[in-house]
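Chains, contacts and geometry: an overview
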Amino acid sequence: MNMQQAIKMTAAETALVDAYTAQIGDLPGDGAVLSLRDMLVDELKTAGLPTRRVESWHYTDLRTLLRAVPSADPSAFADRVDPIVPGSSVLSVRNGQADLKSVPEGIAARSYTESLIDGSAVAGLAVLGADDAIGRINGGLVRGGLEITIAEGAEFQAPIEIQVAQSHGQAHTRFPISFGAGSKATVIERHLSTNAEASFVSSVSDVTLAEGADVIWIIVQQQGPADTHLGQIRFDLGKSAKLHLFVINAGGKLVRQELHGRASGEGADLTLRGINLLGGESHTDVTFTLTHAVPHTTSSEIIRNVIFDRARGVFQGKILVAKDAQKTDAKMACNTLLLSDEADMSAKPELEIFADDVQCGHGATVADIDHTQLFYMLARGIPEKKARAMLVNAFVAEIVEELEDDEALVEALEGVISAWLEKHA
Amino acid sequence: MLEIKNLHARIAEDGTEIIRGLDLTVKAGEVAAIMGPNGSGKSTLSYILSGREDYEVTEGDILYNGESILELDASERAAKGIFLAFQYPVEIPGVATMQFLKVALNEQRKYRGEDELTTPEFMRRVKEAAAELKIAPEMLRRPLNVGFSGGEKKRAEILQMALLEPKLCILDETDSGLDIDALKVVADGVNALRSPDRAVVVITHYQRLLNYIVPDSVHVLYKGQVIKSGDKSLAHELEANGYADIIEAAA
Amino acid sequence: MPAVQETIDQVRQIDVDQYKYGFETKIEMDKAPKGLSEDIIRLISSKKNEPEWMLEWRLEAYRRWLTMDEPSWARVKYPKIDFNEIHYYAAPKGTTGPKSLEEVDPELLKVYEKLGIPLKEQEILAGVEKSKIAVDAVFDSVSVVTTFKEELKKAGVIFMSISEAMREHPDLVRKYLGTVVPQSDNFYATLNSAVFTDGSFVYVPKGVRCPMELSTYFRINERNTGQFERTLIIADEGAYVSYLEGCTAPQRDENQLHAAVVELIALDDAEIKYSTVQNWYPGDKHGKGGIYNFVTKRGDCRGKNSKISWTQVETGSAITWKYPSCILRGDGSRGEFYSIAVSNGHQQVDSGTKMIHLGKNTSSRIISKGIAAGVSDNTYRGQVSAHRKAENARNFTQCDSLLIGDKCGAHTVPYIEAKNSTAQFEHEATTSKISEDQLFYCLQRGIPEEQAIALIVNGFVKEVIQELPMEFAVEAQKLIGISLEGSVG
């Protein structure tokens, strides 16, 4: 988009620019950070929010879909809630305020606000590209978050839950997190709203895995039914680093979760699993890009969508194999159950390949519940409603069970899923 | 127990008529064999009896214990005691066999107004039945029928039958794809369930299975009709001479 | 597999880096001055003796086109086209429309003979050629001859150039033209609507099975001309027609523009099978010259249980931008797309299809095979969508790419959109290189590498080749082998 002339701003665009203007003088940052913020907000003013004409926003016309943005409320307060997996170490950011009371051993953590103030955050605030609307909004408005360093070789018994909660208004957070060589951890990045009032959330996680790090990173999005959630995770995988990235969307009204990664070291491996539970009139977009930058890297992606009511699902996945990234092995699948005649799903699984010695593939299916399976269950005396619920649950449970090494985690995630399904199915 | 009267049925999607005026009566305690060449409507009959919606009954009736079941859906028929052992048991990834069995058993009990089984009681019954059928316990933890061999799938069907204790058992080509040892295990499982208040309908292409599950009556199905009925000697006759003579005689 | 053997033989015969259709013919031409304006459009329209409504239609498109921007979403790169540096009309002198064979300039007939296109009905009838194919030969801007017209007429089939059809069957043309690809559909289609010069028109009446294959052969000869043909095919209720299209151009250093529009309409229970072997000049090994092939092809399954099937073998052109599509409007209608796209040297291909499911119980099938070699880029771009009322829509897509060498790129960009819970879509895509095992096996059996590759590639594309009419299948296999020459080592 090369629109230089100023556009006529929508209500949401005006609200975002106003939120920025209202906070000038109050937003944390040194000179460099503040001038970068100015530039990002200027870009927002001139280019506006992305429309469907921007290819990466083809199915999520943010300019049209984002009708309003609630104003920031400095007095908002969110209670701390129990972690998903009992016994997790909880690091929380509530209404933008970092809480560093219980930092476990092996972790160095500080408030991201400090990185803004001392200017060390400036490099990470740059947008990923002209179409990086989330990076732009977040970079302009971010106030807090956590900067976390996991020590080399550190291992943890319990999961680390990064709890990002707000009650209403706006919350813009960032999480630069680096995992030292050979470290091993399970992190749950959890977003939730503590009440049903509308909130507008942007959050960017910037995750680096050094050589041999082995990380399970689970994003659990449980925003309220009126909320807009713009999430982004950027990750970089070093030599032989292993990331199991798991995304569960079980909330929100307008949701875009971006996952942008790069396999930078030989032997790096990504497993991406996504479960999108959509109902009501929500719009949920998961957009994923992965660059296999060097030879001998592998990735496998499975996304499962369950769509009820008038909900709309979007999955865009792009695997890019760079020139010389020989011996790449990448498989991507996106499967959708459309469970209502008013539901809808758009998928765009892309391959962009510049190296010849590769094995890459993708598959996508959209279907209703398998009628043969349903009949089999009915023939065993299971009533239709129950049989359908079991089949829907089975469709997503399958990929949770891959985390079988951690029973408590599997149980917790299954709990998140069945709670959602009970409410919506 | 089962009375099929002048049944006509077709494929719902394209209207192809498969069953064309079929009459059949099976009494409690009876084992009835239904034989016929490929395409005679054997499997379709098993689906219609168990209530698959891909078929439409256009004429006639199916009475089960004197009541028409045409208005009941598949799960209601199952809960009333009609069990179909599938020719091709369906794989359901993500649903553990054990979980499936428990839900099926308890839903049927609920429908009949019985109490749900406690978990220990359920486990006891499953273990007992599994041992009889030489089914290893770890198989029951795997997703239903996923990655089971042909023989394992058929044994799992008989296991379900033993647990659900149906009144009318329909075995659709249960012998297909089984070696002789597996066939014996399956036949023993079926024979163990024979009782004066239970009827069994064995659908098969070959006489082989009937050496192990000896029928009281044999019915030849051709072009959607029973064209000949007899006792077990009819099966031997078919084995020796094929279907051609009977089809000709009926024509 | 005799067909594969034939490919190997062909590959053996031909020198590397040679486009065998690259010759130029010196024929005196009647050309419009360079550039585009309302006057040029009036000139084209008057050259063709068109009715007034047609001129108005063209001018409307032109005015619309002036407000449009060139599309930029495709994965192709090329310098900006100066639309005023193109001749929009070029015809062999003295040709105002198709004539009988006897009247056609012998020089022109020689061109088609050299290209291997059968225009001589007598020879065909005498059994010199293998089977009967009616041909409409288009040379630059005009149709020079259409064969077998009389015989087709007996069957009730109308097969003639579209300019002729406009005069002889104005009602049919007016009723259907622009109903599948509207005037303002996209930048190139709108340009075509303004300036199209010729093309073929086919009407197969109710219940008629067209007695022979119909084909059009396009040849761009003249320098600095664009070719803008327009094809309109209508299969009335219960009719069937199989249509073939072939294209070549001389070897030139400049880029030439080809912006065609093809519209297919299938009414109740009708079937149209449309096959293309596209072998426009691809440019030389340094990427100089070649045709810009920016084409809009769309079929409308307007009637119930109608069927449209596209088969394409794309081996030529410097840039291909082409998405033969099906609108599955009629209940029970079916669309098919079978494609082989080969790119070598500096070629850029961005091609695929759209299957738009609107009616109930519609089905579609997409089989796409992309082969990239040299420093080329080969993109499959496809859309499958089921609308709210498209109950039981079914799609199966298989889209495979093969990379030969490590300097090319293969890309897959599918758009899958389901708005109906009874839709069932299945999409599979793979990208890989020729298996070392297969290659080694061939080498070990004494087959040289280049031939082994041709052999394996022919296996890779077999599913699509099978969809082509016999005569085209053989030609297509030859072409694929030729196109991949020089891709090894």
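All figures in this text were calculated on a predicted structure; none of them were measured in a lab.

Attention now goes to the overall build of chain B. Secondary structure summary: chain B contains 9 helices and 12 strands in total. For chain B, whose C-alpha radius of gyration is 18 Å, the value lies close to the compact-globule estimate of 18 Å for 251 residues. Every one of the 251 residues in chain B was classed for burial, and the buried ones make up 53%. The contacts in chain B between residues at least 6 apart in sequence include a share of 69% that link residues at least 24 apart. Of the roughly 11,000 Å² of accessible surface on chain B, 48% is carried by carbon and sulfur atoms. Across chain B, 29 positive and 40 negative side-chain charges occur, with their mean positions spaced 5 Å apart.

With that settled, consider the interface of chain B and chain A. Each partner contributes to the interface: chain B provides 31 residues, whereas chain A provides 17 residues. Buried area between chain B and chain A, both sides added, is near 2,000 Å², and the carbon and sulfur share of it is 69%. The tally of links from chain B across to chain A stands at 1 salt bridge. We note a salt bridge from Arg380(A) to Glu157(B), for which the minimum N-O separation is 2.7 Å. In this structure, the connection of chain B to chain A is made through 9 residue pairs in polar contact (both at pLDDT 80 or more). At the level of elements, α1 (42-50), α2 (74-79), β6 (82-85), β7 (92-96), α3 (97-111) and α6 (150-164) of chain B are the ones that each hand at least two residues to the side of chain B that touches chain A. Partitioning the side of chain B that touches chain A into residue classes produces 19 nonpolar, 8 polar and 4 charged.

Quick look at the sheet that holds strand β9 (residues 168-172) of chain B now. Strand pairs in the sheet, formed through backbone hydrogen bonds, run parallel or antiparallel to each other. Residues and elements named next belong to chain B. Strand order in the open sheet formed by 6 strands is β6-β9-β10-β3-β11-β12, with mixed pairing between adjacent strands. The open sheet is flanked by β6 and β12 (225-230), the only strands paired with a single partner. Strand-to-strand twist of the sheet, defined as the mean angle between neighbouring strand axes without regard to direction, takes the value 20 degrees. By the bridge criterion, 5 bridges tie strand β3 (residues 31-35) to strand β10 (residues 199-204) in an arrangement that is parallel. Paired with Ala33 across the strands is Val202, a residue of β10.

What follows covers the sheet that holds strand β5 (residues 67-68) of chain B. Residues and elements named next belong to chain B. If you walk across this open sheet you meet the 4 strands as β2-β1-β4-β5, and the pairing is antiparallel. Taken across any chain shown, the strands that pair with only one partner, and hence form the sheet edges, are β2 (17-26) and β5. Bridging between strand β1 (residues 2-11) and strand β4 (residues 55-64) involves 8 bridges; their strand directions are antiparallel. Within β4, the residue paired with Ile4 across the bridge is Ile62.

Residue and element names in this part refer to chain C. Mean pLDDT over chain C: 82, with 82% of residues reaching 70 or higher. Counting interchain partners and residues more than four positions distant, the pLDDT-below-50 stretch residues 1-17 has 24 contacts. For residues 122-130, every residue scores under 50 in pLDDT, and the model assigns this stretch 11 contacts once sequence neighbours within four places are set aside. Among the prediction metrics, the complex's ipTM stands at 0.83, with pTM recorded as 0.83.

Okay, the interface of chain A and chain C next. Interface size, as often reported, equals the accessible area lost upon joining of the parts. Contacts between the two partners involve 37 residues from chain A and, on the opposite side, 32 residues from chain C. Interface area, chain A with chain C, both sides summed: about 2,700 Å², of which 46% is carbon and sulfur. Seen at the junction of chain A and chain C, the total is 4 salt bridges. Scanning the region where chain A abuts chain C turns up 17 residue pairs in polar contact (both at pLDDT 80 or more). Where the side of chain A that touches chain C is concerned, the elements lending two or more residues are β18 (344-353) and β19 (359-367) of chain A. Sort the elements by how many residues they give to the side of chain A that touches chain C and β18(A) lands first, with 10 residues. For the side of chain A that touches chain C, the residue count by class is 16 nonpolar, 9 polar and 12 charged. Bridging between β19(A) and strand β23 (residues 424-433) of chain C involves 8 bridges; their strand directions are antiparallel. Bridge pairing links Cys360(A) to Thr431(C) in β23(C).

It is worth spelling out empty space enclosed by the protein at this point. All names here are of chain C. All chains considered together, the criterion is met by 6 cavities of 30 Å³ or more. The calculated volume of the largest cavity comes to roughly 80 Å³. Along the wall of the largest cavity there are 14 residues; nearest its centre are Ser368, Gly370, Asn378, Thr379 and Tyr380. Secondary structure elements with two or more residues in the lining of the largest cavity: β17 (334-343), β18 (348-357), β19 (363-372) and β20 (377-386). For the lining of the largest cavity, a count of residues per class yields 3 nonpolar, 10 polar and 1 charged.

Turning next to the packing of helix α1 (residues 11-23) of chain A against helix α2 (residues 31-47) of chain A. Residue and element names in this part refer to chain A. Put simply, α1 and α2 touch, their axes get as near as 10 Å, and they point 160 degrees apart. By the angle between their axes, α1 is roughly antiparallel relative to α2. The element α1 and its partner α2 pack so that their crossing is left-handed. Facing Leu16, Val17 and Tyr20 of α1, the residues of α2 in contact are Leu34, Arg37, Asp38, Val41, Leu44 and Lys45. Counted by class, the contact of α1 with α2 contains 6 nonpolar, no polar and 3 charged residues.

Right, let's get into the side chain of Glu245(C). All names here are of chain C. Relative to the helices and strands, Glu245 resides in strand β9 (residues 240-248). Given the relative accessible area of 3%, Glu245 is considered buried. Polar contacts involving the side chain of Glu245 include one to the side chain of Tyr274, which spans 2.6 Å. Not counting the four nearest positions on each side in its chain, Glu245 is found in contact with Thr216, Phe218, Val262, Tyr274, Ser275, Thr276, Val277, Lys297 and Phe472.

Residues and elements named next belong to chain A. Taking 1.5 Å of rise per residue, the 17 residues of helix α7 (residues 384-400) would be expected to cover 24 Å, and the 24 Å separating its terminal C-alpha atoms lies within 8% of that figure. Maximal helix bending in α7 amounts to about 30 degrees, located at Ala394. Within α7 the residues assigned to the buried category are Ala387, Met390, Leu391, Val392, Ala394, Phe395, Val396, Ala397, Ile399 and Val400.

The biggest cluster of nonpolar side chains holds 123 residues, and the ones touching the most others in it are Ile275(A), Ile4(B) and Leu159(B). If you count residues domain by domain, this core takes at least three from each of domain 1 (78-369) and domain 2 (370-425) of chain A. The contact partners of Ile275(A), leaving out residues within four places of it in the chain, are Phe246(A), Val247(A), Ile248(A), Asn249(A), Arg304(A), Val396(A), Ile399(A), Val400(A) and Ile417(A). Core analysis: the next-biggest nonpolar cluster, separate from the first, contains 105 residues, Val93(A), Val208(C), Ala386(C) and Leu403(C) among them.

Phi angles above zero are rare outside glycine, and Asp324(A) is one such case at about 75 degrees. For Asp324(A), a relative accessible area of 45% gives the class partly exposed. Here the phi dihedral of Glu173(B) falls at roughly 45 degrees; this positive angle occurs in a residue that is not glycine. Looking at Glu173(B), the relative accessible area reads 10%, which means it is buried.

Here we come to the environment of Asp206(A). Residue and element names in this part refer to chain A. Examined against the element boundaries, Asp206 turns out to sit in strand β8 (residues 199-209). Separated by 31 residues in sequence, Asp206 and Phe175 have C-alpha atoms that sit 5.9 Å apart. Asp206 has contacts with Phe175, Pro176, Ile177 and Arg234, leaving out every residue within four places of it along the chain.

So, on to the environment of Phe179(A). Residue and element names in this part refer to chain A. Among the structural elements, Phe179 can be located in strand β6 (residues 169-179). For Phe179, a relative accessible area of 2% puts it in the buried group. In the structure, Phe179 is positioned 72 residues away from Ile107 in sequence and 9.5 Å away in space, judged by C-alpha atoms. Those residues in contact with Phe179 that lie beyond four places of it in its chain are Ile150, Ala185, Val187, Val207, Thr208, Leu209, Ala210, Ala213, Val215 and Trp217.

Basis of the calculations
Residues numbered from 1 in each chain as written. Chains lettered and ligands numbered in written order. Predicted model: local features only at pLDDT ≥ 70, side-chain atom pairs only at ≥ 80, totals over all residues. Heavy atoms only, no water. Helix = DSSP H or I, 4+ residues; strand = E, 2+ residues; numbered from the N terminus. Rg over C-alpha atoms; globule rule 2.2 N^0.38 Å. Buried < 20%, exposed > 50% of the residue type's maximum accessible area, 1.4 Å probe, protein only. Contact = heavy atoms within 4.5 Å. Areas by Shrake-Rupley, 256 points an atom, 1.4 Å probe, with all protein chains shown as cover. Lys, Arg positive; Asp, Glu negative; His and termini not counted. Charge placed at Lys NZ, Arg CZ, Asp CG, Glu CD. Buried area = accessible area lost by both parts, 1.4 Å probe. Salt bridge = Lys/Arg side-chain N within 4 Å of Asp/Glu carboxyl O. Polar contact = N/O pair within 3.5 Å; in protein donor to acceptor, adjacent residues only side chain to side chain. Nonpolar A, V, L, I, M, F, W, Y, C, P; charged D, E, K, R; others polar. Pairing = 2+ DSSP bridges. Axes fitted to C-alpha atoms, helices over the stretch in contact; angles between N-to-C directions. pLDDT = per-residue confidence, 0-100. 1 Å grid on protein atoms, 1.4 Å probe; cavity = no way out; pocket = protein on both sides within 12 Å on 5 of 7 lines; lining within 4 Å. Points joined across faces, edges and corners; volume = space filled by probe spheres on them. Parallel < 35°, antiparallel > 145°, perpendicular 65-115°, else oblique. Left-handed = near helix turned anticlockwise from the far one by under 90°. Expected span 1.5 Å × (residues − 1). Bend = angle between axes of the 7 residues up to and from the residue. Core = buried A, V, L, I, M, F, W, Y, C linked by side-chain atoms within 4.5 Å. Domains from an automatic or database assignment.

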